[in-house]
Amino acid sequence: MNTTHTSNTILKYLEGEQFLELPKNGQLYFGHGKLLLSGEYFVLDGAQALGLPTTVGQSLRVQYSASFDPKLYWKSYDPAGNLWFEVIFEFWHFNILNDNPTKEMMVLQQMLRQARKQNKHFLRDGVDVHVVTQLGFPLEWGLGSSSTLIHNIADWAMVSPFELAFNTLGGSGYDIACAQSDDPLIYQKSGDGPKWSPVEFNPSFKNNLYFIYLGHKKNSRDAIEYYNQLRPHSPEIINTISELSNQIASAKTQEEFNFLIRAHEEIIGKQLKLKPIKQEAFSDFDGEIKSLGAWGGDFILASTMNNRRYVSNYFEEKGLKVIIPYRDLIVDNEPKVEANNVH
């Protein structure tokens, strides 16, 4: 997949070419994908983290039809419109009717049963239910295929998406907050429950920021397990990461931003006994590079004063073809101009 193809895929999704029309006699739900710019790992222990909702996400369409033997029919499509997942459930207990159920089928079954547990009235009518989900990004990118699905199911079932997530897949919950947010946000997991608030993170230098896909998906559960083995982490480290998250969110210049993400990488690397990705693989890059989420997979952020051609040439020489400008992937929270102020 080359850069041009990637951008076109995103643009087509935004232009509504992929099932974003409201179905007749049904519902339509949508959740944003996510990237974690700061606070990775330590968000699990209460550090404040800077989350970025992506323009692409996942939609879920629901339609109903009369039936004497109700079933739930589920189909999932990738950005190209290819069917990648299909399952049929018995309606009343969400028993899987397919032969040789896969792990993915059982995870979805767990989500549906948990939604029913949270709302006993969820899907109690005697009708066939047809669900179609549509991803706006490749499954392997790690932008939140699970979190957007949980958000959409929770919206459909009228239950708490955080409770649904914590009782099924676990995690910090920042991705659930991103799924329902139209702005970048500062997120914190606390004993009182998740807390988040939108921030005006709209860097003037965003044209100098790029996301690069490393070509493989990191297993988040393995990364969390490794992090857990290094516990406990001192309150000072948690507070330092929180402070960095807020400073990164309010950085006014690219020089300040680069200094802060470099400091963040060094602190996380020291605590996790891991080498930052720039030192590991991109030491000659003219600028700064930051891991996003679980280190060693999915996306990295590149910040440089050089032009787009330099960025493309640099990473393509290393075999990395998916290079996405910041403004093409992240929800833009620039102030909107009122129509009556336009001249």
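Each value, and the rule that gives it
- Residues numbered from 1 in each chain as written.
- Predicted model: local features only at pLDDT ≥ 70, side-chain atom pairs only at ≥ 80, totals over all residues.
- Heavy atoms only, no water.
- Helix = DSSP H or I, 4+ residues; strand = E, 2+ residues; numbered from the N terminus.
- Buried < 20%, exposed > 50% of the residue type's maximum accessible area, 1.4 Å probe, protein only.
- Contact = heavy atoms within 4.5 Å.
- Areas by Shrake-Rupley, 256 points an atom, 1.4 Å probe, with all protein chains shown as cover.
- Salt bridge = Lys/Arg side-chain N within 4 Å of Asp/Glu carboxyl O.
- Pairing = 2+ DSSP bridges.
- Axes fitted to C-alpha atoms, helices over the stretch in contact; angles between N-to-C directions.
- Phe/Tyr/Trp six-rings, centres within 6.5 Å; stacked < 30°, edge-to-face > 60°.
- pLDDT = per-residue confidence, 0-100.
- Parallel < 35°, antiparallel > 145°, perpendicular 65-115°, else oblique.
- Left-handed = near helix turned anticlockwise from the far one by under 90°.
- Nonpolar A, V, L, I, M, F, W, Y, C, P; charged D, E, K, R; others polar.
- Expected span 1.5 Å × (residues − 1).

Chemist: Just to check I follow, could you spell out the overall build of the chain for this structure?
Modeler: In terms of regular secondary structure, the chain is built from eleven helices and eleven strands. Within the span of the chain, comprising 343 residues, buried residues form 52% of the whole. Sequence-distant contacts in the chain: of pairs separated by 6 or more residues, those separated by 24 or more amount to 70%. Total accessible area on the chain stands at roughly 16,300 Å², and carbon and sulfur atoms take up 49% of it.

Chemist: Whenever I open this one, unusual backbone geometry confuses me. Can you help?
Modeler: Glycine aside, residues mostly have negative phi, and peptide bonds are mostly found in the trans state. The linkage connecting Arg231 with the following residue, Pro232, adopts the cis geometry, with an omega of 5 degrees. For Tyr41, which is not glycine, the phi dihedral falls at a positive 70 degrees. Along the chain, Tyr41 turns up in the loop between β1 (26-38) and β2 (49-66). According to the relative accessible area criterion, Tyr41 is buried, its value standing at 8%.

Chemist: What is the right way to read the pattern of salt bridges from this model?
Modeler: Pairing is possible between side chains of opposite charge, provided their charged atoms come close. Under the criterion given, the structure shown has seven salt bridges. Notably, a salt bridge pairs Glu86 with Lys75, separated by 4.0 Å at the nearest N-O pair. Taken as a pair, Glu86 in strand β4 (residues 83-90) and Lys75 in strand β3 (residues 71-77) lie far apart in primary sequence, eleven residues in all. We classify Lys75 as partly exposed; its relative accessible area is 34%. A salt bridge links Glu288 to Lys278, with the nearest nitrogen and oxygen atoms 3.9 Å apart. Of the two residues, Glu288 is situated in strand β9 (residues 288-291) and Lys278 in helix α9 (residues 277-281); the sequence distance between them amounts to ten residues. Accessibility expressed as a relative area gives 11% for Glu288, which makes it buried. Residue class for Lys278 comes out buried when judged on its relative accessible area of 18%. One network of salt bridges, with partners in common, ties together Glu40, Glu265 and Lys290.

Chemist: Explain the sheet that holds strand β8 (residues 209-213) to me, please; I cannot follow it from the model alone.
Modeler: If you trace the four strands from one edge of the open sheet to the other, you get β9-β10-β8-β11, paired in antiparallel fashion. The outermost strands of the open sheet, each flanked by one partner alone, are β9 and β11 (323-325). Across the sheet, the axes of successive neighbouring strands diverge by a mean angle of 25 degrees, strand direction being ignored. Both β8 and β11 contribute to a ladder of three bridges, which runs antiparallel. Across the sheet, residue Phe211 finds its bridge partner in β11, namely Ile324. In the packing of helix α8 (residues 254-272) onto the sheet, the strands contacted are β8, β9 and β10 (299-303), and the crossing angle to β9 comes to about 45 degrees. Lying on the sheet, helix α10 (residues 308-317) is in contact with β8, β9, β10 and β11; it crosses β11 at an angle near 160 degrees.

Chemist: Explanation requested: the pairing of strand β5 (residues 127-135) in the structure shown.
Modeler: Regular strands place their side chains on alternate faces of the sheet. Burial within β5 is extensive, with seven of its nine residues counted as buried. Pairing geometry for β2 and β5, over nine bridges, is antiparallel. Looking at β5, one finds that Gln58 is bridged to Leu135. The pairing of β3 with β5 spans six bridges and is classified as parallel. Bridging from a neighbouring strand, Tyr73 pairs with His130 of β5.

Chemist: It is not clear to me how the packing of aromatic side chains should be interpreted in this structure. Could you clarify?
Modeler: For any pair of aromatic rings, geometry is given as the distance between the ring centres together with the angle between the planes. All chains considered together, the criterion is met by 24 aromatic pairs. A ring pair is formed by Trp84 and Phe85, whose centres lie 5.7 Å apart and whose planes are at 40 degrees; its orientation type is tilted. Exposure remark for Trp84: the relative accessible area of 37% places this residue in the partly exposed category. Taken together, a centroid distance of 6.4 Å and an interplanar angle of 40 degrees make the contact between Phe94 and Phe122 tilted. Pair noted here: Phe94 is in the loop between β4 and α2 (103-118) and Phe122 is in the loop between α2 and β5, with a separation of 28 residues, a long-range link. Comparing Phe94 with Phe122, the two get one shared label, buried. What links up through ring pairs into an aromatic cluster is the set Phe201, Phe205, Phe211, Phe257 and Tyr326.

Chemist: Please explain the confidence of the model for the chain as it appears in this structure.
Modeler: Low-pLDDT portions of the prediction should not be read for the details of their coordinates. Considering every residue of the chain, the mean pLDDT works out to 90; 90% of them sit at 70 or more. The model gives residues 335-343 a pLDDT under 50, and that stretch makes one contact with residues more than four places away or in other chains.

Chemist: How do you make sense of the packing of helix α7 (residues 235-249) against α8 when you look at a structure like this?
Modeler: Between two packed helices, both the angle of their axes relative to each other and the distance between the axes serve to describe the pair. In the contact formed by α7 and α8, the axes pass within 10 Å of each other and the chain directions differ by 160 degrees. When the interaxial angle is binned, α7 and α8 end up roughly antiparallel. Judged by the twist between their axes, the crossing of α7 over α8 is left-handed. Contacts from Ile237, Thr240, Ile241, Leu244, Gln247 and Ile248 of α7 reach α8 at Phe257, Leu260, Ile261, Ala263, His264, Ile267, Ile268 and Gln271. Classifying every residue of the contact of α7 with α8 by side-chain character gives ten nonpolar, four polar and no charged.

Chemist: Before we go on, may I ask you to explain helix α3 (residues 145-157) in this structure?
Modeler: Structurally, the α-helix is built with 3.6 residues per turn, so residues lying three or four positions apart point the same way. Over its 13 residues, α3 runs 18 Å from end to end, which matches the ideal 18 Å to within 8%, given 1.5 Å per residue. Burial of α3 is extensive: eleven of the 13 residues sit out of reach of the surface. Among the residues of α3, those classed as buried are Ser145, Ser147, Thr148, Leu149, Ile150, His151, Asn152, Ile153, Ala154, Trp156 and Ala157. Two residues or fewer after α3 comes Met158, characterised by a positive phi angle close to 60 degrees.

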